[in-house]
Amino acid sequence: MREQEIVVYGAHWCPDCRRCKQFLGERQIPYQSVDVEKDPEAERFVLEKNQGKRLIPMIVFPDGSYLVDPSNAELASKLGLKTDAARSYYDLIIIGGGPAGLTAAVYTAREAIDTLLIEHAAFGGQAAGTETLENMPGFPDGVGGMEFSNLLRRQAERFGVELLQTQEVVRVYRKGFYSCVETSDGSRYSARALLIAAGSRYQHLDIPGEDEYTGAGVHFCATCDAPFYKGKRVAVIGGGNSAAEESLLLTRFADQVIILVRKGEFKATRIIQENVLRNPKIQVRWHTEVKEFIGGQSRLNKLRIRNNQTGIEEELAVDGAFIFIGLIPNTGLLKNSGIILDRWGFIVTGHALLHQGERPEGFEKRDPYLLETSIPGIFAAGDVRATSTKQVVSAAGEGSSAALMIREYLKEV
Ligand code: NDP
């Protein structure tokens, strides 16, 4: 065991092992994974600790203590993650601890706006899972996504923002003039204003084998899982910036990366495309769609692919596959909230809410502010917002703009 590291004893077929690893991964908590079926010494260790029973997942902490098949709440408590807010009422509640939410929190806290920020996974959002942010102003040599996220979190803490981790907001609703949220443990918090900065997540292909092999050969985060593919052959599905950038990251581990693009060209920015096409470890197959993930012994080992020009299908042997085919907004929590979304589910804000000069209900006296949703006092910023550019720096910019709009709104109420 490496020093100061959590060890997860499990097996590749075990869903609770996957759940626990997912929990740690989402919070960027380092761990070592040991497959008890491949390591007889590890199996003996698990049997010895559990009176002869092979109970997995068994998670051993750096102080030698351990938990067997813990729930996410037990894991959160063991890791000392804060899951309850100090109070039930704030000036502002921010949903989401990515660049938009954390930047807004820095601004509002500096304005003495009493702020609670709720994040269900790791601070930093998708940025935290990005290996290097090369285009962040002020960082000429780039900055690690994780490092940047930690800096933002520390900055928010310095200004006294109350940060609540591992709590998922499941519902947003209005009670009279108050904006309210309910979390997955049933807690309710209310505030005078609300900022939704819940971001977006990777889209799935929805084809046979995808769910079955997720975590067992099928992945959505190269930063998290690329190291498992040292010297191996992997496929990347998608042709946008994410697919291209993550392919480059994968080449640091895998021997061969095959990018499967359904069109005859990339959607990625030119400079990233050029880097990809120049890389000798990367092969691109155009007009290629994946139809099925196929495995043996509970692990992915090949893809069924189809050339959409010739109609020819074939099997492609791979050790792993990474899917990067776009984003879906995290707006499920807004069901029945009355907040207007666009046809892809992103939140509509500001002037886009005006129809031929007509304002939405509730805006009798003024137009919605720039980043205000169709409900007065509820704002949105970052990737969850319709027409946002999905860039870390613009998400942070929207966070600061939202904070300034919220300051104006709070003067009214
Ligand atoms: P994009 O929407 O940019 O690209 C999605 C890609 O996946 C397209 O090539 C699309 O193909 C393909 N695709 C979609 N559905 C399927 C499917 N069912 N089967 C096969 N292929 C499919 O998404 P990204 O996740 O790459 O990026 C999201 C946003 O984040 C973008 O705005 C991007 O610019 C930004 N980003 C910026 C980065 C940077 O600036 N450094 C890094 C990473 C992301 P088609 O073209 O045929 O629709």
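Residues numbered from 1 in each chain as written. Predicted model: local features only at pLDDT ≥ 70, side-chain atom pairs only at ≥ 80, totals over all residues. Heavy atoms only, no water.

**Observations concerning the overall build of the chain**
Just so we agree on the cut-off: Helix and strand assignments come from DSSP, with helices taken as H or I runs of at least 4 residues and strands as E runs of at least 2, each series counted from the N terminus. Just to be clear, the radius of gyration here is over C-alpha atoms, and the globule rule we use is 2.2 Å times residues to the power 0.38. Here's how the labels work: a residue is buried when its accessible area is under 20% of the maximum for its type, exposed when over 50%, partly exposed in between, all with a 1.4 Å probe on protein chains only. Residues count as neighbours in contact if any of their non-hydrogen atoms are within 4.5 Å of one another. Accessibility throughout is a Shrake-Rupley quantity obtained with a 1.4 Å probe, and a residue counts as covered only by protein chains that appear here. Charged-residue counts in this description rest on Lys and Arg as positive and Asp and Glu as negative, His and the chain ends being excluded. In this description, the location of a charge corresponds to atom NZ of lysine, CZ of arginine, CG of aspartate or CD of glutamate.
The helix and strand inventory of the chain stands at 11 helices and 23 strands. Expected size for 413 residues packed as a compact globule is a radius of gyration near 22 Å; at 23 Å, the chain falls within 12% of this value. If you line up the chain on its principal axes, its C-alpha atoms span 65 × 60 × 40 Å. For the chain, the residues scored as buried account for 49% of the 413 residues in total. Looking at the chain alone, contacts between residues at least 24 apart form 60% of all its contacts between residues at least 6 apart. Per element, the accessible surface of the chain, about 20,200 Å² overall, is 47% carbon and sulfur. On the chain, the mean spot of the 48 positive side-chain charges and the mean spot of the 53 negative ones are 1 Å from each other.

**Comments concerning the packing of aromatic side chains**
Quick reminder of the rule: Aromatic pairing here means that ring centres of Phe, Tyr or Trp (its six-membered ring) are within 6.5 Å. Orientation follows from the plane angle: under 30 degrees is stacked, over 60 is edge-to-face, and everything else is tilted. Should the NZ of a Lys or the CZ of an Arg lie within 6 Å of a ring centre and within 35 degrees of the ring normal, that charge is described as sitting over the ring.
A complete count under the given rule lists 9 aromatic pairs for this structure. Seen from their ring centres, Tyr9 and Phe45 are 5.2 Å apart, and the 45° between their planes marks the pair as tilted. In this pair, Tyr9 sits in strand β1 (residues 6–10) while Phe45 sits in helix α2 (residues 40–49), placing the two residues 36 residues apart along the sequence. When the centroid spacing of 6.2 Å and the interplanar angle of 90° are considered together, the rings of Phe139 and Phe148 count as edge-to-face. By relative accessible area, Phe148 is classed as buried at 11%. Among the aromatic residues, those joined into a ring-pair cluster are Tyr89, Phe177 and Tyr178. One residue, Lys78, lies across the ring of Phe61, its end atom 5.0 Å from the ring centre. Across from the ring centre of Tyr173, 4.1 Å away, lies the NZ or CZ of Arg171, which sits over that ring.

**A look at a nonpolar patch on the surface**
Inclusion rule: To count toward a patch, a residue needs a relative accessible area above 30% and no salt bridge. Like charges then connect within 9 Å, nonpolar side chains (Val, Leu, Ile, Met, Phe, Trp, Tyr) within 5 Å. Here, a salt bridge means any side-chain nitrogen of Lys or Arg that lies within 4 Å of a carboxyl oxygen of Asp or Glu.
A contiguous nonpolar patch, built from Tyr89, Phe177, Tyr178 and Val413 and spanning about 320 Å² of accessible area, is present on the exposed surface. By secondary structure assignment, the location of Tyr89 is in strand β5 (residues 89–95).

Honestly, it's all geometry; don't read function into it.
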